[in-house]
Amino acid sequence: MARITLSHLAHSYMANPRGEQDFALKEMDHVWDDGGAYALLGASGCGKTTLLNIISGLLRPSQGRVLFGERDVTDAATAERNIAQVFQFPVVYDTMTVRDNLAFPLRNRGLGAAYVAQRVQTIARMIGMEAELGRKARGLTADAKQKISLGRGMVREDVNAILFDEPLTVIDPHMKWELRTQLKALHRQFGHTMIYVTHDQTEALTFADKVVVMHEGRVVQTGTPEELFERPSHTFVGYFIGSPGMNLLDAKVEGSQAVVEGVPVQLGAQYGRPEGRVQIGVRPEFVRLTRDEGLPVRITRIEDVGRHRIARAEFFGREINAILAEDAHVPADASRLAFDPNHTLVYANDWRVQPHPGTEGRAA
Amino acid sequence: MEKTVNHKAWFLVLPVLVLVAFSAVIPLMTVVNYSVNDTFGNNEFFWNGLDWFDEMIHSDRLWAAFWRQVMFSAIILVIEVPLGIFIALNMPKKGIWASVCLVLMALPLLIPFNVVGTIWQIFGRVDIGLLGHTLQALGIDYNYVNDPIDAWATIIIMDVWHWTSLVALLCYAGLQSIPQAYYQAAKIDQASRWKVFRYIELPKMKGVLLIAVLLRFMDSFMIYTEPFVVTGGGPGNSTTFLSIDLVKMAVGQFDLGPAAAFSIMYFLVIMLISWVFYTVMTSFDREDAQK
């Protein structure tokens, strides 16, 4: 096991990339701590799989280095890296039995029969396929096949890291929950570094200690689920995480005040005078529906989603959402939305503007 | 619910019935008719029962041709199938070279059979042929006109040249359908090249390989034009395969009755062997699925 360092890493699928737009993965520096449970979250096509394949050695990066611990493995073959990887769609060896499938990675490494048998038994119990061990893998359901793929990924004990590339896409919802829980248990038990690629925020937030959010070939934020929720450092993180996502409004910011379409909005800190396209962002959880403060809006509808209600409102053609507690009283004539100043963040050209030091929480 | 009965619908299958009748059923029945009669022309037929069949099944000439035919099919299958797989495995998977390869591979398949025969007939000639003359010049005693071994070698190499492409292209198509993730998983699992072939590529190629073997078997078992053009069945009878013998009998000697009986047995043998092939290969599949 080892810490994985990506240093000045970038990748382009073109032979002669000309500009930054030709890179599937923009230059990045990133460290995956030994034993961490990471989720790599992002929309489809943002470079998640590319990054994963670079770590496992299936792809050689066009520039930069990959280090396992202190060792430079950029040019090392996949086999040398001792990595396990589970793919999005089930990969099983059809003509082999389930047992042989699970034993395959171990036997290829020349491990003893007794050890292999014992490992296969353990993994089969974990994925709940002990009864099917003697069956041919062909003809099993997609679910079962993917469980075998997962099992093959976990069967080796000494791997440097286990990489999961959206492994639960084809699995039934109830099974998804169970397998994810087992992956977590496995992580606690053995402490392998795990990197879990997904575009499903629930999956990412429940699995990982740390979530790495990618957008257009860039890592835009790395942090705990709380950090991503409370302090998104990029507008993409703001609206990609959360349901509904962060409200973003073009504004003019000066000091601790923002002006949106002529209406002043109080901010929780001093921001100076940010340049570029300036927006304020506030999560629907921190928006209140009131009668007399905040932005005057037109409420278009109230949706009941179970645990809470979502108020959808319109403000100069822009949608703003507010989450109302289940039992919160909505005044019939309420037509204004007030933002919690401490949770109203400022963005310039999509990146978060840091407040001036020491001013946070005071202006409120 | 009452089912509507409309016998007019039968008229819709009429065109197909007519077509099949003229293209297959009537000609075949004519052959059946010849096989149980003796005729001396003038459309005079004398009932002969199964005598022609009896004569043919005890004919040394037919059996000799039959074993030559079996030998020929076996040899070309043993060469073409592994060679085709090998070529398919080594063909480029994408890019300009993949297209170039595909076109080059398809070329021999597009050449008319008698032209293929003519090409090799001239190519192998000792006096003017590039191959024959070069071999002679190198001091190798090669002459497909006199030596049965050389004649066989020429015909087999010609068939391999002509048809290996078919096997290769079918296998190539099978290989192309394997998702990249399988190869990646194999790398992660540290599978050797042989294991990748044995557990990923071969199982995925099995379907097309079955078709390739069946096609090559049937075609080679019915081969006529190319050996006829190259060797004419000689030297002696050494390359006289079933079809060549049949044509000699029917058209050369005008023994229509025996030739018809011969044809029918020939047809049944091909059907039988193809059926055995197919059953054996698909039953492997079913066994797999049940376990």
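Bear in mind that the values here come from a model prediction, so they are computed numbers and not experimental data.

Cut-offs applied
- Residues numbered from 1 in each chain as written.
- Chains lettered and ligands numbered in written order.
- Predicted model: local features only at pLDDT ≥ 70, side-chain atom pairs only at ≥ 80, totals over all residues.
- Helix = DSSP H or I, 4+ residues; strand = E, 2+ residues; numbered from the N terminus.
- Rg over C-alpha atoms; globule rule 2.2 N^0.38 Å.
- Buried ≥ 20, exposed ≤ 12 C-beta atoms within 10 Å, placed from the backbone.
- Contact = placed C-beta atoms within 7 Å.
- Pairing = 2+ DSSP bridges.
- Axes fitted to C-alpha atoms, helices over the stretch in contact; angles between N-to-C directions.
- Core = buried A, V, L, I, M, F, W, Y, C linked by C-beta atoms within 7 Å.
- pLDDT = per-residue confidence, 0-100.
- Domains from an automatic or database assignment.
- Left-handed = near helix turned anticlockwise from the far one by under 90°.
- Nonpolar A, V, L, I, M, F, W, Y, C, P; charged D, E, K, R; others polar.

1. A look at the overall build of chain B
Scanning chain B for helices and strands turns up 12 helices and 2 strands. In sequence order, chain B lays out its α and β elements as α-β-β-α-α-α-α-α-α-α-α-α-α-α. By the compact-globule yardstick of 19 Å for 291 residues, chain B is too spread out, its C-alpha radius of gyration being 24 Å. Overall, chain B is about 85 × 75 × 35 Å in size when its C-alpha atoms are taken along their principal axes. Counting only residues that meet the buried cut, chain B has 28% of its 291 residues in that class. Partitioning the contacts of chain B with sequence separation of at least 6, the portion at a separation of at least 24 is 70%.

2. A closer look at the sheet that holds strand β5 (residues 71-72) of chain A
All names here are of chain A. Taken together, the 4 strands give an open sheet; going across it, the order is β2-β1-β4-β5, and neighbouring strands pair in antiparallel fashion. Every interior strand has two partners, whereas the edge strands, β2 (25-32) and β5, have only one. When strand β1 (residues 4-11) meets β2, the two strands line up antiparallel, connected through 5 bridges. Within β2, the residue paired with L9 across the bridge is M28. Sheet strands in contact with helix α1 (residues 48-56) are β1, β2 and β4 (63-68), and its direction is about 125° off that of β1.

3. What about the nonpolar core?
Residues and elements named next belong to chain A. Of all hydrophobic cores here, the largest spans 76 residues; its most connected members are Y38, A39, L40, I195 and Y196. Once residues within four sequence positions are removed from consideration, Y196 is found in contact with Y38, A39, L40, F164, F207 and A208. Formed by 28 residues, the second largest nonpolar core is a distinct cluster that contains V282, L289, L345 and V353.

4. Some thoughts on the pairing of strand β16 (residues 287-290) of chain A
Residues and elements named next belong to chain A. Burial of β16 is one-sided: the residues V287 and L289 facing one way are buried, the residues R288 and T290 facing the other way are not. Pairing analysis gives 4 bridges linking β16 to strand β21 (residues 336-339), with the strands arranged antiparallel. Among the inter-strand pairings, R288 is bridged to a residue of β21, identified as A338.

5. Considerations on the sheet that holds strand β10 (residues 218-223) of chain A
All names here are of chain A. Strand order in the open sheet made by the 6 strands is β6-β7-β8-β3-β9-β10, with mixed pairing throughout. If you trace the sheet from one side to the other, it starts and ends with β6 (83-86) and β10, each paired once. Ignoring which end each strand starts from, the neighbouring axes of this sheet average 15° apart. Pairing analysis gives 5 bridges linking strand β7 (residues 161-165) to strand β8 (residues 193-198), with the strands arranged parallel. Residue pairing across strands places F164 opposite Y196, the latter belonging to β8.

6. Observations regarding the interface of chain A and chain B
On the chain B side, the residues contacting the 23 residues of chain A number 15 residues. Listing elements by their share of the side of chain A that touches chain B, those giving two or more residues are α2 (78-81), β6 and α3 (98-108) of chain A.

7. A short note on the confidence of the model for chain A
Per-residue pLDDT for chain A has a mean of 84; in total, 98% of the residues score no lower than 70. No element of chain A has a lower mean pLDDT than helix α6 (residues 173-190) of chain A, at 81, and none a higher one than strand β15 (residues 278-282) of chain A, at 90.

8. Thoughts on the domain arrangement of chain A
The domain architecture assigned to chain A consists of domain 1 (4-230) and domain 2 (243-352). Each of domain 1 of chain A and domain 2 of chain A has a C-alpha centre, and these two points are 38 Å apart.

9. Regarding unusual backbone geometry
Cis geometry is found at the peptide bond from S243 of chain A to P244 of chain A, where omega equals -5°. Positionally, P244 of chain A belongs in the loop between α9 (235-240) and β11 (247-250). Backbone geometry at E166 of chain A places phi at a positive 45°, although glycine is not the residue there. Among the structural elements, E166 of chain A can be located in the loop between β7 and α6. For E166 of chain A, a count of 21 C-beta atoms within 10 Å puts it in the buried group. One non-glycine residue, Q190 of chain B, lies in positive phi territory at about 60°.

10. Overview of the packing of helix α3 (residues 60-90) of chain B against helix α9 (residues 193-221) of chain B
Residues and elements named next belong to chain B. Across the interface, α3 lies against α9 with an axial gap of 9 Å and an inter-helix angle of 145°. Between α3 and α9 lies a crossing of right-handed hand. Contacts between α3 and α9 involve Q69, F72, S73, I76, L77, E80, V81 and G84 from the first element and A212, V213, R216, F217, S220 and F221 from the second. When its residues are assigned to classes, the contact of α3 with α9 shows 8 nonpolar, 4 polar and 2 charged.

11. Describing the environment of Q180 of chain B
Residues and elements named next belong to chain B. Structurally, Q180 can be placed in helix α8 (residues 180-188). Assessed through the 10 C-beta atoms surrounding it within 10 Å, Q180 is described here as exposed. Residues Q180 and T4, spaced 176 residues apart in sequence, show a C-alpha to C-alpha distance of 52 Å.

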